[in-house]
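Structural characterization, general
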Amino acid sequence: MKTIFVLNGPNLNLLGKREPGIYGNKTLEDVAADCREAAGRLSLQVDFRQSNHEGVLVDWLHEAADKSQGVVLNAGAYTHTSIAIHDAIRAISPVPVVEVHLSNIHAREPFRHVSKVAPHALGMICGFGPLGYTLALQALAARP
Ligand code: DQA
């Protein structure tokens with residue numbers, strides 16, 4: 001059975017309370033429950049985590065290289081700024097990373113239009129709320 005790390009970056013621990021008009025009413029625990037439910041259907045094992053700290057996310061990407069067959073990554077605001085996360089994704093190649101955002105980052109402020117994750121991601125899903133996580137798991141399950 002494939003193990004998939006689902007990694008969440010800064011401020012995503014506040015989902016449900018944080019700007020619900022943009023991010024919706026579900027909590028991160030609800031998103032984790034959706035992922036576990038989808039993983040059951042797709043015969044995946046999911047390791048779901050969140051950190052507000054860039055270096056912790058880098059450490060988890062390194063760990064994913066040894067312990068997983070793929071990563072779903074919502075790096076939050078670090079998506080737009082972090083060369084360290086960009087480098088970590090390159091460093092763990094060929095472990096596939098699917099970039100996910102709850103909101104459509106291209107329909108928001110210009111600084112969100114740039115992603116340092118995207119150039120080395122298998123693909124990117126944004127704008128579908130928590131469903132994006134399930135779609136990303138589906139994409140990883142479909143890979144040989
Ligand atoms: C986000 C989009 C980012 O621009 C933002 O900084 C976040 C959440 C999303 O899921 O839509 O924290 O990654």
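Owing to the predicted nature of the structure, the values given are computational and were not obtained by experimental measurement.

The rules we used
Residues numbered from 1 in each chain as written. Predicted model: local features only at pLDDT ≥ 70, side-chain atom pairs only at ≥ 80, totals over all residues. Heavy atoms only, no water. Helix = DSSP H or I, 4+ residues; strand = E, 2+ residues; numbered from the N terminus. Rg over C-alpha atoms; globule rule 2.2 N^0.38 Å. Contact = heavy atoms within 4.5 Å. Areas by Shrake-Rupley, 256 points an atom, 1.4 Å probe, with all protein chains shown as cover. Buried < 20%, exposed > 50% of the residue type's maximum accessible area, 1.4 Å probe, protein only. Pairing = 2+ DSSP bridges. Right-handed = clockwise from strand over helix to strand, strands pointing away. Phe/Tyr/Trp six-rings, centres within 6.5 Å; stacked < 30°, edge-to-face > 60°. Lys NZ or Arg CZ within 6 Å of the ring centre and 35° of its normal. Near = heavy atom within 4 Å. Polar contact = N/O pair within 3.5 Å; in protein donor to acceptor, adjacent residues only side chain to side chain. Disulfide = S-S within 2.5 Å.

As a further point, take the overall build of the chain. Secondary structure summary: the chain contains 5 helices and 5 strands in total. In sequence order, the chain lays out its α and β elements as β-α-α-β-α-β-α-β-β-α. Against the compact-globule benchmark of 15 Å for 144 residues, the chain has a radius of gyration of 14 Å, which places it among compact chains. Along the longest, intermediate and shortest principal axes, the C-alpha atoms of the chain span 35 × 30 × 25 Å. Look at the contacts in the chain between residues 6 or more apart in sequence, and 76% of them connect residues 24 or more apart. By element, 54% of the accessible surface of the chain is carried by carbon and sulfur atoms, the whole surface being about 6800 Å².

To continue, consider the pairing of strand 3 (residues 70–74). Extensive coverage of strand 3 is indicated by the burial of 5 of its 5 residues. Where burial is concerned, the two faces of strand 3 agree: the one with Gly70, Val72 and Asn74 and the one with Val71 and Leu73 are both buried. Sheet analysis places strand 1 (residues 2–8) next to strand 3, joined by 5 bridges and oriented parallel. Paired with isoleucine 4 across the strands is glycine 70, a residue of strand 3. Where strand 3 meets strand 4 (residues 97–101), 3 bridges bridge the pair, whose relative direction is parallel. Within the sheet, the bridge partner assigned to leucine 73 lies in strand 4 and is glutamate 99. Viewed along the sheet, the connection from strand 3 through helix 4 (residues 83–91) into strand 4 turns out right-handed.

Okay, the packing of aromatic side chains next. In total, this model carries 1 aromatic pair according to the counting rule given. Geometrically, the ring pair formed by phenylalanine 48 and tyrosine 133 is tilted, given 6.5 Å between the ring centres and 35° between the ring planes. Taken together, the residues span a long stretch of sequence, with phenylalanine 48 in strand 2 (residues 44–50) and tyrosine 133 in helix 5 (residues 131–142) at a distance of 85 residues. Classification of phenylalanine 48 as buried rests on a relative accessible area of 15%. Classification of tyrosine 133 by relative accessible area gives buried; the value is 0%. The residue whose ring lies beneath arginine 49 is phenylalanine 5, and the NZ or CZ to ring-centre distance is 4.6 Å.

Cis rather than trans, the peptide bond between serine 93 and proline 94 has omega equal to 15°. By the secondary structure assignment, proline 94 is in the loop between helix 4 and strand 4. In this model, serine 43 sits at a positive phi of 55°, which is unusual for a non-glycine residue. With respect to the element layout, serine 43 can be found in the loop between helix 2 (28–42) and strand 2.

On to the site of the ligand, then. Taken together, Pro10, Arg18, Tyr23, Asn74, Gly76, Ala77, His80, His101, Leu102, Ser103, Ile105 and Arg112 make up all the residues around the ligand. Side-chain polar atom of histidine 101 to an oxygen atom of the ligand: 2.8 Å apart, as the coordinates give it. The contact in question runs from an oxygen atom of the ligand to an N or O atom on the side chain of arginine 112, over 2.9 Å. Notes on the ligand: free accessible area 320 Å², of which the protein chains cover 99%.

Our next topic: the state of the cysteines. A complete count under the given rule lists 0 disulfides for this structure. Between cysteine 35, a free cysteine, and cysteine 126, which holds the nearest cysteine sulfur, the sulfur-to-sulfur gap is 17 Å. Here cysteine 126 falls in the buried class, since its relative accessible area comes to 15%.

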